[in-house]
Structure formats: structure tokens, C-alpha cells
Amino acid sequence: MARKTIFITGGASGIGRAVAQRFAQGGWFVGIADIDEAGMAATAALLPADHISCHRLDVRDRAAWDTALADCAASSGGLIDVVFNNAGIPLGGAIIDLTPEEIERTLDINMKGVIFGAQAAYPWLKRSGPGSVLLNTASAAGIYGTPGASVYSATKFGVRAITESLDGEWA
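Residues numbered from 1 in each chain as written. Predicted model: local features only at pLDDT ≥ 70, side-chain atom pairs only at ≥ 80, totals over all residues. Heavy atoms only, no water.

(A) Representation of helix α5 (residues 150–169). Here α5 spans 28 Å end to end across 20 residues, near enough to the 28 Å set by a 1.5 Å rise per residue. Residues of α5 that are buried: V151, Y152, S153, T155, K156, G158, V159, I162 and L166. (Helix = DSSP H or I, 4+ residues; strand = E, 2+ residues; numbered from the N terminus. Expected span 1.5 Å × (residues − 1). Buried < 20%, exposed > 50% of the residue type's maximum accessible area, 1.4 Å probe, protein only.)

Here it is, written out as C-alpha cells:
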């Protein structure tokens, strides 16, 4: 059986790093993507060298998605079985105190990044056939809003909506 491949955004730390470790332990090839090159190197150091590739990726850049996924597939033997849309940033504070730049950055990373990732992942997942998966990281903030997290909550509600919509669209 051929080794499976997972491509993980936000792989330089936290949930992304833990998922990379778990899948590598299971024998998967792991593509780590992030803007934090030092963090990616730290994650890579925790994994078997023959199980990984690292890709600098700003999830807000649609063309960069295509390049990163193609490079990962080339490193792993041609297929990508799972794309884990995990990159995201928190934003807290009263909405009236947030700057337009903070709001736009959060919307771009947490929403556009997931949408661009889904677009770019689709042909790779389709090529891998039945059993391929797009995973999108949401949050409890995508279930209920809380004071001081209105923009973050909106993005995570949006990630839930995209995920539910694609579940039907890609069935």
C-alpha cells in the first residue's frame, strides 16, 4: 500500500504541529506549510526526515497555494490524501476598538485562507480518489459568539458554513 500524504497549514506550532507528529507516527508523508519558517523547522525536527516536506505559504495568496500543493505532491510521490486547512489567527477585543487592518487580516487569514485552500485542494483530493479529505479548523467560537471575539467568531462561523456547504457540494 502506498504511503498517504497530509498537507497541513499552520504546521509550525500548536494544533498543526501536533497533527503533523501524529500522522508522521502513523507512517504518513507530512507536508508542513506556514509563514513561520523557524517554527516549521522546529516541527520538521520532530518528524522522520523521509516523511516531511516544508512549504512557506501565506494562505492569503491563492497562487501560492497551487505552488505549495504541487511541491508537496512532487515530494511525496504525486498524491495528496488530506489537506488540513488549519492556519488561523485569534483576534480579541471590542469591535469598536479594532483597527480596519486587524479586522482585514483576521478575515483574510481565517476565511479567505480556508476558501483558497479548498479551491486549491480540490483537484488534488479528487485525484487521490475516495477517502480523500479536506479538514477545516473551526472553533467553539464558530458555535456561539462571545463578547470581545466578534470578528474571530464570525470567521469561525464562516469556516463551519464553508465546511458544511462543501460537504454537500463535493459529495
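So that's the structure; there's more coming.
(B) Just the side chain of N110, in detail. As for its placement among the helices and strands, N110 is situated in helix α4 (residues 100–128). Judged by its relative accessible area of 0%, N110 is buried. Within the local environment of N110, its side chain forms a polar contact with the side chain of T155, the two groups lying 3.2 Å apart. Dropping the residues within four chain positions of it, N110 is found in contact with G88, I89, Y152, T155, K156 and V159. (Polar contact = N/O pair within 3.5 Å; in protein donor to acceptor, adjacent residues only side chain to side chain. Contact = heavy atoms within 4.5 Å.)

(C) Highlighting the nonpolar core. Judged by nonpolar contacts, the single largest core of 28 residues is most densely connected at F7, L57, W65, L69, I80, V83 and L134. When contributions to this core are tallied by element, the ones reaching two or more residues are β2 (29–34), α3 (62–76), α4 and α5. Here the element with the most residues in this core is α4; it accounts for 9 residues. Setting aside its immediate chain neighbours within four residues, L69 contacts F7, I80, V83, A120, A121 and W124. Formed by 15 residues, the second largest nonpolar core is a distinct cluster that contains V19, I32, I52 and V82. (Core = buried A, V, L, I, M, F, W, Y, C linked by side-chain atoms within 4.5 Å.)

(D) Quick look at the layout of surface pockets. Estimated volume of the largest pocket: approximately 450 Å³. For the lining of the largest pocket, the secondary-structure elements that each account for two or more residues are α1 (14–25), β2, α4 and α5. Residue composition of the lining of the largest pocket, grouped by class: 11 nonpolar, 8 polar and 6 charged. Each pocket or cavity is described by its volume, and for the second largest pocket that value is around 360 Å³. Taken together, 15 residues make up the lining of the second largest pocket; nearest its centre are L125, S132, V133, L134 and W170. Contributing elements (two or more residues each) for the lining of the second largest pocket: α4, β5 (133–136) and α5. A per-class count over the lining of the second largest pocket returns 8 nonpolar, 5 polar and 2 charged. (1 Å grid on protein atoms, 1.4 Å probe; cavity = no way out; pocket = protein on both sides within 12 Å on 5 of 7 lines; lining within 4 Å. Points joined across faces, edges and corners; volume = space filled by probe spheres on them. Nonpolar A, V, L, I, M, F, W, Y, C, P; charged D, E, K, R; others polar.)

(E) Inspection of the environment of V133 at higher detail. The topology assignment puts V133 in strand β5. Among the residues examined, V133 registers a relative accessible area of 30% and is labelled partly exposed. In this structure, the C-alpha to C-alpha distance between V133 and V82, residues 51 residues apart in sequence, is 4.8 Å. Each residue touching V133, except ones within four places of it in the same chain, is listed here: D81, V82, V83 and L125.

(F) Spotlight on the sheet that holds β5. Reading across the sheet, the 5 strands line up as β3-β2-β1-β4-β5 and stay open at both edges, with parallel pairing between neighbours. Two strands bound the open sheet, and with one partner strand each, they are β3 (52–56) and β5. For this sheet, the mean angle separating the axes of adjacent strands, direction not counted, is 15°. Looking at chain direction, strand β1 (residues 5–9) and β2 are connected through 5 bridges and run parallel. Within β2, the position partnered with T5 by the bridge is F29. Across the sheet, α1 is in contact with β1, β2 and β4 (82–85); its angle to β1 comes to roughly 170°. Relative to the sheet, α4 contacts β4 and β5, its axis offset from that of β4 by approximately 180°. (Pairing = 2+ DSSP bridges. Axes fitted to C-alpha atoms, helices over the stretch in contact; angles between N-to-C directions.)

Remember, this is a structural readout, not a statement about activity or role.
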